[in-house]
Amino acid sequence: MKILVIIVSYNFERWMDRCLGSLRLSEQPADVMVIDNASQDHTVQLIREHYPEVRLIQSPENLGFGRANNLGMKVALAEGYDYVFLLNQDAWIDRNTLGTLASLCASHPQYGILSPTHLTGSGNRLEHGFACYARLNSLEELTSVPCTAQTPPVDLPFVNAAFWMIPVSVLRRVGGFCPLFYHYGEDVDYVNRLRRHGYRAGYTPAVFGCHDREHRQTDHKTWLRSERIYLLTEYANINRSFPRAFAYSVLASLKKSAQSFWTKKDARTGLSYIRIACQLLGCTGKVLRYRRINLQPETPHYIATES
């Protein structure tokens with residue numbers, strides 16, 4: 001199995017040793033590529049000095065998560081890799097993760113994405129978002145059920161792209177990340193497209209990855225940004241007709257605005273949702289274009305050439 005691990009970095013120093021160190025300990029050999037999005041710390045220098053086995057691509061600008069990953073996917077297609085494994089810079093894996101995921105992909109080709117179980121950075125409990133997607137209450141609930149590396153994967157409605165094993169055959173059919181999304185939302189859009197092309201997403205309880213994100217702070221501005229991105233993913237969702245996608249995004253934002261004004265008496269949020277609706281309308285041309293592109297199978301959209 002020929003696996004390319006792709007890590008998009010920006011100020012990677014804090015997590016570098018845990019992330020790249022875990023790959024050095026992997027029982028399944030893999031090539032590692034870091035695409036650096038113009039870090040402002042010592043990321044590039046440290047990789048060159050301490051991790052000479054890593055293939056480093058330096059971008060002179062911050063390309064965002066999706067476009068940077070697409071550079072790695074382009075290499076995987078050109079150089080005959082079997083799988084790509086997308087790994088967040090603030091995440092690390094156990095020694096069996098790569099081999100187990102690749103073997104499960106080979107034996108269960110209906111899965112376009114497979115992920116390990118997501119733990120917090122401390123490794124002692126389930127990462128909150130993953131627990132919600134998997135409908136799990138605790139790590140004990142998961143580990144109490146016998147599981148081996150041969151146990152079939154468990155379906156998920158969605159799993160974030162902190163740890164994604166993707167067969168290259170899936171990249172050829174579904175493509176890479178859509179340029180409509182700069183940072184955040186691209187993984188939701190990708191899972192939507194994956195399902196349109198007949199694939200499933202899932203995870204295995206047999207292996208684990210740790211994601212150091214539990215200390216992130218959220219405020220009203222961050223929450224509104226997440227709302228805007230969510231509504232944009234609904235607008236671009238090719239599993240809905242365009243009129244339904246319009247209703248689930250633009251009209252939904254106007255409905256939320258009305259609820260904020262009249263039910264919650266929150267004029268600030270109501271105005272924010274009106275702005276979101278205007279932003280969505282403003283990118284309608286791009287949304288329509290990318291919806292057309294993403295409905296076409298068997299071409300490596302956004303990988304062979306960025307548009």
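Note on numbering: residues in each chain are counted from 1, in written sequence order. Per-residue local features of the predicted model are confined to residues with pLDDT of at least 70, and side-chain atom pairs are confined, for both listing and counting, to 80 or more; whole-chain, interface and lining totals are unaffected and use all residues. Hydrogens are left out, water is left out, and the side-chain values use all remaining heavy atoms of the structure.

Visitor: What is the right way to look at the pairing of strand β2 (residues 31–36) in this model?
Guide: Two faces belong to every sheet, and in a regular strand the side chains alternate between them. Among the 6 residues in β2, 5 count as buried, and that is most of the element. Across 6 bridges, the pairing between strand β1 (residues 3–9) and β2 is parallel. Its bridge partner being in β2, Val8 is matched across the sheet by Ile35. Crossover connection from β1 via helix α1 (residues 16–24) to parallel β2: handedness right-handed. Strand pairing requires that DSSP identify at least two bridges connecting the strands. Counting from the N terminus, the helices are the DSSP runs of H or I reaching at least four residues and the strands are the DSSP runs of E reaching at least two. Looking at chain direction, β2 and strand β3 (residues 55–58) are connected through 4 bridges and run parallel. Of the residues in β3, the one forming a bridge with Val34 is Leu56. Burial here depends on accessible area, computed with a 1.4 Å probe over protein chains only, as a share of the maximum for the residue type. Under 20% is buried, over 50% is exposed, and the range in between is partly exposed. Look down the strands so they point away from you; if the path from the first strand over the helix to the second goes clockwise, the crossover is right-handed.

Visitor: Help me understand the nonpolar core, please; the structure alone is not making it clear to me.
Guide: One broad trend across soluble globular proteins is that nonpolar side chains are buried collectively. Within the largest apolar cluster, 73 residues are counted, with the highest numbers of intra-cluster contacts made by Ile7, Leu20, Phe85, Leu87, Trp164 and Tyr190. With residues near it in sequence (within four places) discarded, Leu87 still touches Val5, Ile6, Ile7, Val8, Cys19, Leu23, Trp92, Ile93, Ala162 and Phe163. By nonpolar core is meant a set of buried Ala, Val, Leu, Ile, Met, Phe, Trp, Tyr and Cys residues that side-chain atoms within 4.5 Å join together. Counting residues in each nonpolar core, the second largest holds 17 residues, with Leu180, Phe181, Tyr235 and Leu280 among its members. Residue contacts are defined here by distance: any two heavy atoms, one from each residue, within 4.5 Å place the two residues in contact.

Visitor: What is the right way to read the layout of surface pockets from this model?
Guide: Any empty space left between the atoms is revealed when a probe the size of a water molecule rolls over them. Cavity: a set of points on a 1 Å grid over the protein atoms alone where a 1.4 Å probe fits but cannot get out. Pocket: an open set with protein on both sides within 12 Å along at least five of seven lines, its lining residues, like those of a cavity, having an atom within 4 Å of a point. Grid points are joined across faces, edges and corners, and a volume is the space filled by probe spheres set on the points. Space inside the second largest pocket adds up to approximately 270 Å³. Around the second largest pocket sit 16 residues that line it, and Leu180, Phe181, Tyr182, Arg228 and Leu232 are the ones nearest its centre. Only α9 (220–236), α11 (267–282) and α12 (284–294) provide two or more residues apiece to the lining of the second largest pocket. With 4 residues, the top contributor of residues to the lining of the second largest pocket is α9. When residue character is reported, Ala, Val, Leu, Ile, Met, Phe, Trp, Tyr, Cys and Pro are called nonpolar, Asp, Glu, Lys and Arg charged, and the others, Gly included, polar. Of the residues belonging to the lining of the second largest pocket, the class tally is 11 nonpolar, 2 polar and 3 charged.

Visitor: Is there a simple way to think about the pattern of salt bridges in this case?
Guide: Side chains that differ in sign of charge can pair as their charged atoms come close. Salt bridges, as used here, are contacts in which a Lys or Arg side-chain nitrogen is within 4 Å of a carboxyl oxygen on Asp or Glu. Counted under the stated rule, the structure contains 9 salt bridges. Note that Arg24 is salt-bridged to Glu53, the shortest N-O span being 2.7 Å. Linking Arg24 in helix α1 with Glu53 in the loop between α2 (43–50) and β3, this pair joins segments that are 29 residues apart in sequence. Owing to a relative accessible area of 43%, Glu53 belongs among the partly exposed residues under this scheme. Glu227 is the partner of Lys256 in a salt bridge, and the nearest nitrogen-oxygen pair spans 2.9 Å.

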